[in-house]
Structures are given as C-alpha cells and as structure tokens.
Amino acid sequence: MIDFRRRTMLTLPGWLAVLLIAAVCAGLGGCGEPQQETPATALAWQIQPEYLQDLTLEEQQKLFWDYYTYSVMADGKFLNHFSELRFLPEFAAGEQPDWEQACRFLLDFTPYWQDAEGYCCWNAADLQQAADILLAGYTVPAEDNGWVWYHPAQGEQQAYYQAVGWDNNGAVYYRLNAPLAEAAGTYTASFTGYDVGELWQDTPDFAPAENNDSKLCQIAAERGIDPYDFDLTAEMPALIDAGELIPCEELTVTFTLTGDDELPLCYTSCERTELATN
C-alpha cells in the first residue's frame, strides 16, 4: 500500500536516539505491537480526504473490492464484510432504517452464542454497540422480526435476540463504478452488484449462458478450468470490467469514517435500484 507517513531526514544523533529507543523497547518487551494491516485498515487509511484526490478509480476499486470480499473471525464474532453491502438496509439520510433489514445487517457484526437448543443468540447490548458504529443514530428496537425473537432480561440473563432459523443462499459481488465524492467528511460511493448462486459450479447447462452462474461455467470451460478451481474473488473484477457478467442492482451509499480498525464505515444512507433478482 501507499505509505502516507511523513518522511523526515534524521541526523546521526537522531539515528542514535532511534536505536536507543528501539533497544529500550526490546528490553521492556516492546513498545506495543505494530498494527496489522487488513483490507479494513487499508480502506480507512487511504480514503482520508487528504489522500483521496491522489487515488485513481482503479486504486479505489481495489480498496473496496478487497474490503467487501473480506471476512474474519474476531473477538467472538464473525465480521462478514462480504455481505455488508448485500444486507445494508435501504434508508434516507436522517431516517431510521427498517428494523427487519437493519437487524439482518447488524447480526453479521455482533458477537453471538448458542443456547441449549443450538440456536444462535445475540445480546441486545452487543447489537446496539454494533449499530452505534455502523448505522448513524440507530436505536435497536426491543421486538421480534422475521430473523429473530426478542427475549427481555430475566434474572442474570441479559436481554437478547434468538435466531428463528434461516440460511443465506448465493452471494452478490459489488464493484465500485465511479470515484468517491467527499464533502465535509461524508463520502458518497456508487456500486454495481453482480449476483452468483451458491452452487453456481453445478449449473447443468450453460449454453446459451443466460445468467451469471451459466456465464461463469462457460468462461471456466473456455479456459479449460474446473469451475470448482475458478477463483471468483480474483477473476471477477476483470470479468465485470469487460462486461462479461449481468448486473443485478445499482447501489449508492453515504458514509463517514469511524476510526474503528474492524468496522471503518458508518453508513448514513443507502439507495438501491434492483436490475434483476438477487
């Protein structure tokens, strides 16, 4: 990545001081672990207003592609950035998102546990903490929806939400389609989404190719590659840019930067235009 840190010239005494500090740190067990770069930190570091003007569209596309195809387990929760835009609720600036949409979105960024029956559960306080970072000013309702049942606090058990039982099929890949706009710390980004089935590799008949599943199978066959060996994350940007795939939606979002290493974006609005069924 681009190193935006200020570069300075050090005199000989300056270098000696640096070496002395390094030796002291080593003797004390270190002055803190160096921050590990992830797609989340790379995105947050490089789209600062003072640097954004120096990034080409291609560089911005790579930052967002890496971020929105990235998922990781951290602190007892699965940070599913891969589905972040797919499940981001649609809402206008200054308005509260729909609870059912917001809930599904927030569950991907909240620590969970399993009850005695094996259902996934999320503490209400943890869900609100995720909302405080990801959705500007959103208050999590204490009520059921199509994804979860709400359980109020009882004795030592905190209020929590319990999954009703569901699964996610397929995926949507998002490609940034224009340079970011920034005004007073708020960014506007537009994306085009491309849906892919969960078992796209098993498409039985791909000629003529009428959807992305069959198109990808056809492309793999033309290259002499087994579809199960086809790396979508690596291959799709070029296929999208070449117009090989069918878009399913257009998405425009606004966000601010949170300063959080894991969740760098706080969304302030989201507008979708569906082009085909996800």
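Everything below is about the structure shown above.
Parameters at a glance
Residues numbered from 1 in each chain as written. Predicted model: local features only at pLDDT ≥ 70, side-chain atom pairs only at ≥ 80, totals over all residues. Heavy atoms only, no water. Phe/Tyr/Trp six-rings, centres within 6.5 Å; stacked < 30°, edge-to-face > 60°. Helix = DSSP H or I, 4+ residues; strand = E, 2+ residues; numbered from the N terminus. Buried < 20%, exposed > 50% of the residue type's maximum accessible area, 1.4 Å probe, protein only. Lys NZ or Arg CZ within 6 Å of the ring centre and 35° of its normal. Pairing = 2+ DSSP bridges. Patch = residues over 30% accessible without salt bridge, like charges linked within 9 Å, V, L, I, M, F, W, Y side chains within 5 Å. Areas by Shrake-Rupley, 256 points an atom, 1.4 Å probe, with all protein chains shown as cover. Salt bridge = Lys/Arg side-chain N within 4 Å of Asp/Glu carboxyl O. Contact = heavy atoms within 4.5 Å. Polar contact = N/O pair within 3.5 Å; in protein donor to acceptor, adjacent residues only side chain to side chain. Axes fitted to C-alpha atoms, helices over the stretch in contact; angles between N-to-C directions.

(A) A look at the packing of aromatic side chains. Per the stated rule, a full pass over the model turns up 16 aromatic pairs. Residues Tyr-68 and Phe-191 carry aromatic rings whose centres are separated by 5.6 Å and whose planes lie at 90° to one another, so their mutual orientation is edge-to-face. With Tyr-68 in helix 4 (residues 57-68) and Phe-191 in strand 9 (residues 186-196), this pair connects stretches of sequence that are 123 residues apart. Given a relative accessible area of 4%, Tyr-68 falls into the buried group. An aromatic cluster is built from Phe-64, Tyr-67, Tyr-68, Phe-105, Phe-109, Tyr-187, Phe-191, Phe-255 and Tyr-267, whose rings are joined through pairwise contacts. The cationic tip of Arg-104 hangs over the ring face of Phe-87; the distance from NZ or CZ to the ring centre is 4.2 Å. The side chain of Arg-104 reaches across the aromatic face of Trp-147, ending 5.7 Å from its centre.

(B) Local environment of the pairing of strand 7 (residues 171-176). Across the six residues of strand 7, six count as buried, placing the element largely inside the fold. In this structure, strand 7 lies alongside strand 9, joined through six bridges in antiparallel fashion. Its bridge partner lying in strand 9, Ala-171 is registered against Val-196.

(C) Quick peek at a nonpolar patch on the surface. A cluster of nonpolar side chains, namely Met-73, Phe-78 and Tyr-112, defines an oily patch on the protein surface of about 300 Å² accessible area. Along the chain, Met-73 falls in strand 1 (residues 71-74).

(D) Spotlight on helix 9 (residues 232-241). For helix 9, every residue scored as buried is listed here: Leu-232, Met-236, Pro-237, Leu-239 and Ile-240. The elements touched by buried residues of helix 9 are helix 4, strand 7, strand 9 and helix 8 (212-223). The N-cap residue of helix 9 is Asp-231: its side-chain oxygen and the backbone nitrogen of Thr-233 are 3.3 Å apart.

(E) Highlighting the sheet that holds strand 3 (residues 113-114). If you trace the four strands from one edge of the open sheet to the other, you get 3-4-6-5, paired in antiparallel fashion. Unpaired on one side and paired on the other, strand 3 and strand 5 (148-151) mark the two borders of the sheet. In this structure, strand 3 lies alongside strand 4 (residues 120-123), joined through two bridges in antiparallel fashion. Note that in strand 4 the partner of Gln-114 across the bridge is Cys-120. On the sheet, helix 7 (residues 124-134) packs against strand 4 and strand 6 (160-163) and is oriented at approximately 70° with respect to strand 4.

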